[in-house]
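Structural characterization, general
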Amino acid sequence: MEYNHREIEKKWQKFWEENQTYKTEIDPSKPKYYVLDMFPYPSGAGLHVGHPLGYIASDIISRYKRLKGFNVLHPMGFDSFGLPAEQYAIQTGQHPAITTEQNINTFISQLKNIGFSYDWSREIRTSDPNYYKWTQWIFMQLFNHYYDRTADKALPISHLVEQFAQGGSAAVNAVCDEDVAEFSAEEWNAMSEKEQQLVLLKYRFTFPEESFVNWCPGLGTVLSNDEVKDGVSERGGFPVERKLMKQWSMRITAYADRLLSGLDTIDWPEPLKEQQRNWIGRSQGASVKFAVDGQDKLIEVFTTRVDTIYGVSFMVLAPEHEWAAELTTTNQKSDVEAYIKWAASRSEVDRMAEKKVSGVFTGSYCINPFNGEKVPIYLADYVLAGYGTGAVMGVPSGDQRDWNFATHFNLPIIPILDSQKDTDQQADNTKEGHYINSGIINGMTYQEATETLIKWLEERKLGKGKVQYRLRNAVFSRQRYWGEPVPAYFKDGVPYLIDEADLPLALPKIDKYLPTETGEPPLGRAEGWKYKGEYDYELSTMPGWAGSSWYWYRYMDPQNNEAFASKEAIDYWQRIDFYLGGSEHATGHLLYSRFWNKFLKDLGLVPHEEFAAKLVNQGMIQGRSNFVYRVKSPLAPNGGTVTHPVFVSYGLKDQYETTKLHVDVNMVENDVLDTQAFKNWREDFANAEFILEDGKYICGWEVEKMSKSKYNVVNPDTIVDKYGADTLRMYEMFLGPLTDAKPWNTNGISGTSNFLRKFWRLFFEDQTGKSKLVDAEPTADELKVLHRTIKRVEEDIERYSFNTVVSTFMIGVNELSDLKCHKKAILKEMVILLSPYAPHITEELWTALGNEAGTLTTAPFPVFEPSYLVESSFEYPIQINGKVRANLAFPVDMSKEDIEQSVLANDTVQKWLEGKAPKKVVVVPKRIVNVVL
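Anyway, here's the lowdown on the structure attached to this text.

Reading the values: rules and limits
Residues numbered from 1 in each chain as written. Predicted model: local features only at pLDDT ≥ 70, side-chain atom pairs only at ≥ 80, totals over all residues. Heavy atoms only, no water. Helix = DSSP H or I, 4+ residues; strand = E, 2+ residues; numbered from the N terminus. Buried < 20%, exposed > 50% of the residue type's maximum accessible area, 1.4 Å probe, protein only. Contact = heavy atoms within 4.5 Å. Areas by Shrake-Rupley, 256 points an atom, 1.4 Å probe, with all protein chains shown as cover. 1 Å grid on protein atoms, 1.4 Å probe; cavity = no way out; pocket = protein on both sides within 12 Å on 5 of 7 lines; lining within 4 Å. Points joined across faces, edges and corners; volume = space filled by probe spheres on them. Nonpolar A, V, L, I, M, F, W, Y, C, P; charged D, E, K, R; others polar. Salt bridge = Lys/Arg side-chain N within 4 Å of Asp/Glu carboxyl O. Pairing = 2+ DSSP bridges. Axes fitted to C-alpha atoms, helices over the stretch in contact; angles between N-to-C directions. Parallel < 35°, antiparallel > 145°, perpendicular 65-115°, else oblique. Phe/Tyr/Trp six-rings, centres within 6.5 Å; stacked < 30°, edge-to-face > 60°. Lys NZ or Arg CZ within 6 Å of the ring centre and 35° of its normal. Polar contact = N/O pair within 3.5 Å; in protein donor to acceptor, adjacent residues only side chain to side chain. Core = buried A, V, L, I, M, F, W, Y, C linked by side-chain atoms within 4.5 Å.

When you go through the protein residue by residue, the secondary structure sums to 28 helices and 35 strands. Taken over the C-alpha atoms alone, the protein extends approximately 115 × 85 × 75 Å along its principal axes. Looking at the protein as a whole, 52% of its 933 residues are labelled buried. Excluding contacts between residues fewer than 6 apart, the proportion of contacts in the protein whose partners are at least 24 apart in sequence is 71%. Surface summary for the protein: the accessible area is close to 41700 Å², and the carbon and sulfur share equals 47%.

What follows concerns the layout of surface pockets. Roughly 560 Å³ of volume is contained in the second largest pocket. Along its surface, the second largest pocket is lined by 24 residues, and Glu 520, Pro 521, Glu 538, Leu 539 and Ser 540 are the ones closest to its centre. Of all the secondary-structure elements, those providing two or more residues to the lining of the second largest pocket are β5 (206–216), β9 (241–250) and β21 (535–537). Residues of the lining of the second largest pocket, tallied by class, amount to 12 nonpolar, 7 polar and 5 charged.

Bringing the pattern of salt bridges into the picture now. For the structure shown, the criterion picks out 50 salt bridges. Residues Arg 258 and Glu 609 are paired through a salt bridge, measuring 2.5 Å at the closest nitrogen-oxygen approach. Of the two residues, Arg 258 sits in helix α9 (residues 256–262) while Glu 609 sits in the loop between α18 (589–602) and β23 (615–617), which places them 351 residues apart along the sequence. Among the residues examined, Arg 258 registers a relative accessible area of 11% and is labelled buried.

Let us look at the sheet that holds strand β2 (residues 71–73). Taken in spatial order, the 4 strands make up an open sheet running β2-β1-β22-β23, and their pairing is parallel. Where the open sheet ends on each side, the last strands, each with one partner, are β2 and β23. Across this sheet, the average inter-strand angle for adjacent strands is 20°, counted without regard to direction. In terms of strand pairing, strand β1 (residues 32–37) meets strand β22 (residues 578–581) through 3 bridges, oriented parallel. Note on β22: the bridge partner recorded for Val 35 is Phe 578. Its contacts with the sheet put helix α2 (residues 52–67) on β1, β2 and β22, and the angle it makes with β1 is roughly 170°.

Now for empty space enclosed by the protein. Applying the stated criterion across every chain, the model contains 2 cavities of 30 Å³ or more. What lines the largest cavity is Tyr 22, Arg 63, Arg 66, Leu 67, Ser 835, Pro 836, Pro 839, Thr 842, Glu 843, Leu 856 and Thr 857. When residues of the lining of the largest cavity are traced back to their parent elements, those giving at least two are α2 and α26 (839–848). Residue composition of the lining of the largest cavity, grouped by class: 5 nonpolar, 3 polar and 3 charged. The calculated volume of the second largest cavity comes to roughly 40 Å³. Surrounding the second largest cavity, Phe 81, Gly 82, Arg 480, Trp 482, Gly 483, Glu 484, Met 542, Pro 543 and Gly 544 form its lining.

In this section: the packing of helix α21 (residues 725–734) against α26. How two helices pack is summed up by the angle between their axes together with the distance between the axes. Running from N to C, α21 and α26 point in directions that differ by 125°, and their axes come no closer than 7 Å. The orientation of α21 relative to α26 falls into the category oblique. Where α21 abuts α26, its residues Ala 725, Asp 726 and Arg 729 lie against Pro 839, His 840 and Ile 841. Looking at side-chain class alone, the contact of α21 with α26 contains 3 nonpolar, 1 polar and 2 charged residues.

Moving on to the packing of aromatic side chains. For the structure shown, the criterion picks out 76 aromatic pairs. Centroid distance Trp 137 to Phe 564: 6.0 Å. Interplanar angle 40°. Geometry classified as tilted. With a gap of 427 residues between them, Trp 137 in helix α5 (residues 129–143) and Phe 564 in the loop between α16 (551–556) and α17 (567–573) connect regions that are remote in the sequence. The buried category is assigned to Trp 137, whose relative accessible area is 14%. Taking the relative accessible area as the measure of exposure, Phe 564 reaches 4% and is therefore buried. Taking the ring centre of Trp 120 as reference, the NZ or CZ of Lys 112 above it sits at 5.6 Å. The cationic tip of Lys 374 hangs over the ring face of Tyr 365; the distance from NZ or CZ to the ring centre is 5.0 Å.

Moving on, we get to the sheet that holds strand β18 (residues 488–491). Across the sheet, which stays open at both edges, the 4 strands sit in the order β19-β18-β21-β20 with antiparallel pairing between neighbours. Of all the strands in the sheet, the pair left with one neighbour each is β19 (494–497) and β20 (530–531). The sheet contact formed by β18 and β19 spans 4 bridges and is antiparallel. Directly across from Tyr 489, in β19, lies its bridge partner Tyr 496. Here helix α8 (residues 193–201) sits on the sheet in contact with β18 and β19, set at roughly 80° to β19.

Residue placement: Arg 125 occurs in the loop between α4 (96–113) and α5. A polar atom in the side chain of Arg 125 sits 2.6 Å from the side chain of Glu 123. Apart from the residues within four sequence positions on either side, Arg 125 is in contact with Phe 78, Ser 80, Glu 101, Ile 104, Ile 108 and Tyr 131.

Bringing the environment of Tyr 378 into the picture now. Within the secondary structure, Tyr 378 sits in strand β14 (residues 374–379). Owing to a relative accessible area of 7%, Tyr 378 belongs among the buried residues under this scheme. Residues Tyr 378 and Phe 864 lie 486 residues apart in sequence; the distance between their C-alpha atoms is 71 Å. Discounting chain neighbours no more than four positions away, the residues touching Tyr 378 are Phe 314, Met 315, Val 316, Leu 317, Val 360, Phe 361, Thr 362, Phe 405, Phe 409 and Leu 411.

This paragraph deals with the environment of Ser 549. Relative to the helices and strands, Ser 549 resides in the loop between β21 and α16. Residue classification places Ser 549 among the buried positions, given a relative accessible area of 1%. Considering only alpha carbons, one finds Ser 549 and Asn 597, 48 residues apart in sequence, at a separation of 7.9 Å. Setting aside chain neighbours within four positions, we find Ser 549 in contact with Tyr 592, Ser 593 and Trp 596. At 2.6 Å, the side chain of Ser 549 forms a polar contact with the backbone oxygen of Trp 545.

Looking now at the environment of Thr 150. Position of Thr 150 relative to the elements: it lies in the loop between β3 (145–148) and β4 (153–156). On a C-alpha basis, the gap between Thr 150 and Asn 173 in space is 6.2 Å, while along the polypeptide they are 23 residues apart. In terms of polar contacts, Thr 150 uses its side chain to reach the side chain of Asn 173, at 3.3 Å.

Our focus in this paragraph is the nonpolar core. Counting 90 residues, the largest nonpolar core has Tyr 551 and Tyr 579 as the members making the most contacts within it. Among the elements that make up this core, the one with the highest residue count is α5 (9 residues). Look past the residues within four positions of Tyr 579 in its chain and what remains in contact with it is Leu 36, Asp 37, Met 38, Tyr 551, His 589, Leu 590, Phe 611, Ala 612, Lys 614, Leu 615 and Val 616. One finds Val 714, Ile 749, Val 831 and Ile 832 within the second-largest nonpolar core, a separate group that totals 84 residues.

This part covers the pairing of strand β24 (residues 621–631). In terms of burial, β24 is largely enclosed, as 9 of its 11 residues are buried. Judged from the 2 bridges that link them, β24 and strand β31 (residues 742–743) form a sheet pairing that is parallel. For Gln 622, the partnering residue across the bridge sits in β31 and is Pro 743. Looking at chain direction, β24 and strand β25 (residues 646–648) are connected through 2 bridges and run antiparallel. Looking at the pairing, Arg 630 lines up with Phe 647 of β25.

Negative phi values dominate among residues other than glycine, just as trans dominates among peptide bonds. The residue after Leu 503, namely Pro 504, is reached through a cis peptide bond having omega -5°. Inspection of the secondary structure assignment puts Pro 504 in the loop between β19 and β20. Residue Lys 532 is not a glycine yet carries a positive backbone phi of 55°. Here Lys 532 lies in the loop between β20 and β21. Here Lys 820, not a glycine, exhibits a phi torsion of approximately 50°, which is positive. Take Lys 820: it is sitting in the loop between α24 (802–818) and α25 (824–834). With relative accessibility at 64%, the residue Lys 820 sits in the exposed group.

Rendered as structure tokens:
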């Protein structure tokens, strides 16, 4: 029987589907293991060979854990709301659901083609109303809860209302907006319903507020920071501006401390955890209020170095600060307006990364509360309205960024510590020494100065000691159609939730997927779309991260109509044991998911603070691009100009002036171009001429990101068809460590394909297809190869070293081939070992061994026996006068005396001795024997 990967793989994929081989149920008799890939978005382009890398690794873990006796949950679904489908709908008028369905079908087909052991009965899609009903339900729980600092957890808003009614705002210790006014119980009870609801919005976990966002007029929607690159939208390249808009927000800041401390309890990559720590950005310091000269305004700043307060020589506000216009004097108006417009065109990321100093003077001043000196107020793009208070006090002697700003605008640089050096050359942020030029703290050290200043501020109510975070409330709305509708309506300008019985609030039909002519989001086009026919619904939809912030629980119980998952399912599956996905989600999905999970834990709905115990970030598979070299202005033999394109092979290109062009890698093999395919590729290349090397056109190559624009995308379907899914799976693992970036190179895949064929030949004759299998007892050497392989495979999978496992398989199969081993007892165990990597060929060989079809999945993983690796003999190199003349094997427990006698009695040794008696014989156990004449 010849190894035919196409027939074998289709056969077993059909078998798995028909027999629901990977369907998983709750089984208390087995330990559970939950393996999950990060939610994929089903793009129209489908998979390229870089995408399956993580899926293959997680599938190996899933199959391995089943063999180890675990009940494995390994589901797949789709994060199916998203901007690409909506943009296509805008262009074509086709409903996004149609495009999404087509894309998902392509995705599923490709995934099944690679042989993943997903339980497809649990498939979920965020755009399915039966799914987003529960996303909306969680949103409603967030709306109806607040964070109680005393309880250190989320509590119902009804509890907050009771506290207000009995003791006013003083009775509450809760996370809330900064501008909450104080009120008594009597004042609360005297408020109208609207007044009370507006106060409660300042405490709720989710609430509408005015906030600065990345507004993209070209797409008609708000974008997250990771959707903006270099001031334009990642999709479409449209300009993006910072704009103040009313948006729903999530009070993720309430969980800042728990998000920080929780990082110490999970096995996630340290660089990713550090990213989250920096993003949360906990700072201990003080808030200080600066009165605006001549106006009834106080500018509040937060500083971690209140001890530097006497060194303040300027104040900087964000260009989008709400008081920017009011603080601008007539003389400065045109300059300020131009600067604000320029800053609005730049993304937050660009602004924070900018090294060049820029800013503009408003013409106004504020007053330093400690020394009464006037401080000029500037606008500068390095300050962001959404970070802290949107204002920063400038201390150029102690902060290099402030020093650069002061130097640029010729502002004073005031030394504040006697230990500061060369402040005319650069800032010195030391905390050592004693304070100078610093009023009430002159002569003090850092610790006593800080305590003195904070006490002074608090006594005068001009500031206080404070912990602040860089983390901001998360914007939770998008001006799009293709997203979850927010289950809220407005009455008298106040948001209310719809009745729970009315969930899901489904997307209405609209005529086109653009904002209305009056600028409302696309949902504004829905005719008669009002709650109970009377109240306006929220017209924005939820952001992309809404449905992906809890989806792992839905996989546990995907058909449940009564809850997002049953208590029984959650209690059994608990949380993700092995989560795999990209590190680019560190401060997006992975942070928001931790926030929602902690909230659900506070409500008693889930058992763990953290949703994933183990996280692995796979590296990127990069593209290997190929290039052709077009000759610029080639000359014809008669001296005229050639009008058709001429391309010169890589090794000859330096002889000509050329232009380098990307070429589709699918028409290149081992860097040799299929010239006819190239001519058929584009109409303008139909008459191309080629200057060849040894009859071939050799392409250049580079490692780049895999993308359609670089023509270096390799479709896994093509690889599977040519080499097989098992070859693709093993080759992707063999490319290098899972967590490293590595280039794809189809040139090397034949070695992996040859390995599988070599394994096949241990079972079947190459020409006749006749079985080679025998029932004989294994030899010691065969058992040694097997158990060395078991040991290495198990150890390496447990430490996620997937690439070295492939090497181990190759070594083991080579050794068994050399031993001409066709024994069922050995090959049965080898089949089980290989099955997580190459499930199709191993299923076929499993049945060839006489086993029942479908039983390989749950066969017991081979047990390593150390005794088979214990050497019974050792082959000694025999040196005579320093040169090895023979190799002789002796039992490892043989005495030195017996070894010496046996060596001297050996015929080969006697020949080299030439009848002479040796002066001495040195025996080094299990190393060497040295005979000295």
